[in-house]
Amino acid sequence: MAEGPEQESGPGSGPARSSLRAVGWARSLPASSGVRTAREWTRGHLATLGWTRTAPDLVDSVLLTVSELVTNAHVHAHSAAQLILVWDEECLHVTVHDTSPHLPEQRRPDDEAQGGRGMLLVDALADTWQAQRCPRGKDVIACFRPPSGATVG
């Protein structure tokens, strides 16, 4: 459960000298860990971006999405979740990786159903989202753009 090192890239940080600055964080969440751990960890990183102060509604949307995606990894994939946050100055990319190759589906839940609304919520909350298979499972990635008045940092 150790957090990975913060990684930054930008002018002067590599041979390509990219003008893109990005910061990212990663955390492994075993199936035995609660979703609350994922939300608290994410909230802490959103605070470093200043969003808890400048975009609290966006923070709520990101946290609900994290809850849904990590729950899906634990419950449906029966897998640990790898939670990755990357801010590239335009979009916060929230990625959850699990070991199942089965991509999530947006379903129309029965009004009586206890579940089945997770990806509908992600679709409503995120600016965009996608799921893709990878060699050891899948990644579900949601993108969040801050409102024009929100500052970062």
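Treat the numbers as computed from the prediction; the structure is a model and nothing was measured.

Student: What is the right way to read the overall build of the protein chain from this model?
Tutor: Along the backbone of the protein chain there are 4 helices and 6 strands. Seen in sequence order, the protein chain has helices and strands lined up from the N terminus as β-β-α-α-α-β-β-α-β-β. Every one of the 153 residues in the protein chain was classed for burial, and the buried ones make up 39%. In the protein chain, of all internal contacts separated by at least 6 residues, the share reaching a separation of at least 24 is 57%. Within the structure as shown, the protein chain displays about 8,800 Å² of accessible surface, and the carbon and sulfur contribution to it stands at 49%.

Student: I'm lost on the pairing of strand β4 (residues 92–98) in this one. Help?
Tutor: Regular strands place side chains that alternate from one sheet face to the opposite one. Here β4 lies mainly inside the structure; 6 of its 7 residues are buried. Relative to β4, strand β3 (residues 81–87) runs antiparallel, the two sharing 6 bridges. Of the residues in β4, the one forming a bridge with Trp-87 is Leu-92. Hairpin connection, β3 to β4: the antiparallel pair is bridged by 4 residues, and Glu-89 has positive phi, about 75°. Here β4 runs beside strand β6 (residues 137–144); their pairing, made up of 7 bridges, is antiparallel. Each bridged residue has a counterpart across the sheet, and for His-93 the counterpart in β6 is Cys-143.

Student: So what exactly am I meant to see when it comes to unusual backbone geometry here?
Tutor: Only a minority of non-glycine residues have a phi that is not negative, and only a minority of peptide bonds are not trans. Positive phi, normally seen in glycine, also occurs at His-78, with a value near 50°. Take His-78: it is sitting in the loop between α3 (56–75) and β3. With a relative accessible area of 67%, His-78 lands in the exposed category.

Student: What is the right way to look at the state of the cysteines in this model?
Tutor: Chemically, a disulfide is nothing more than a covalent bond linking the sulfur atoms of two cysteines. Inspection of every chain in the model, using the stated rule, returns 1 disulfide. The disulfide partner of Cys-91 is Cys-143, and the S-S distance across this bridge is 1.6 Å. Here the residue Cys-91 occupies a position in the loop between β3 and β4, and Cys-143 occupies one in strand β6, the gap between them amounting to 52 residues. Residues Cys-91 and Cys-143 agree in their burial class; the two are buried.

Student: What is the right way to read the pairing of strand β2 (residues 22–29) from this model?
Tutor: By the criterion of burial, β2 is predominantly enclosed, with 6 of the 8 residues buried. Pairing between β2 and β3: 7 bridges, direction antiparallel. The residue bridging Trp-25 from the neighbouring strand is Leu-85, located in β3.

Student: For this particular structure, what's the right way to read the packing of helix α1 (residues 35–48) against α3?
Tutor: Helix packing geometry: the angle between the two helix axes and the distance between the axes. Two elements in contact, α1 and α3, have axes separated by 9 Å at closest approach and are oriented at 145°. As for the relative orientation of α1 and α3, their crossing is right-handed in sense. From α1, Val-35, Ala-38, Arg-39, Thr-42, Arg-43 and Leu-46 reach across to α3, where they touch Val-59, Val-62, Leu-63, Val-66, Ser-67, Val-70 and Thr-71. Looking at side-chain class alone, the contact of α1 with α3 contains 8 nonpolar, 3 polar and 2 charged residues.

Student: Sorry, what's going on with the nonpolar core here?
Tutor: Most often, soluble globular proteins keep nonpolar side chains buried together rather than apart. Ranked by size, the top nonpolar core spans 31 residues in total, and within it Trp-51, Leu-83 and Leu-92 carry the most contacts. At 8 residues, the largest contribution of residues to this core is made by α3.

What counts and how
- Residues numbered from 1 in each chain as written.
- Predicted model: local features only at pLDDT ≥ 70, side-chain atom pairs only at ≥ 80, totals over all residues.
- Heavy atoms only, no water.
- Helix = DSSP H or I, 4+ residues; strand = E, 2+ residues; numbered from the N terminus.
- Buried < 20%, exposed > 50% of the residue type's maximum accessible area, 1.4 Å probe, protein only.
- Contact = heavy atoms within 4.5 Å.
- Areas by Shrake-Rupley, 256 points an atom, 1.4 Å probe, with all protein chains shown as cover.
- Pairing = 2+ DSSP bridges.
- Disulfide = S-S within 2.5 Å.
- Axes fitted to C-alpha atoms, helices over the stretch in contact; angles between N-to-C directions.
- Left-handed = near helix turned anticlockwise from the far one by under 90°.
- Nonpolar A, V, L, I, M, F, W, Y, C, P; charged D, E, K, R; others polar.
- Core = buried A, V, L, I, M, F, W, Y, C linked by side-chain atoms within 4.5 Å.

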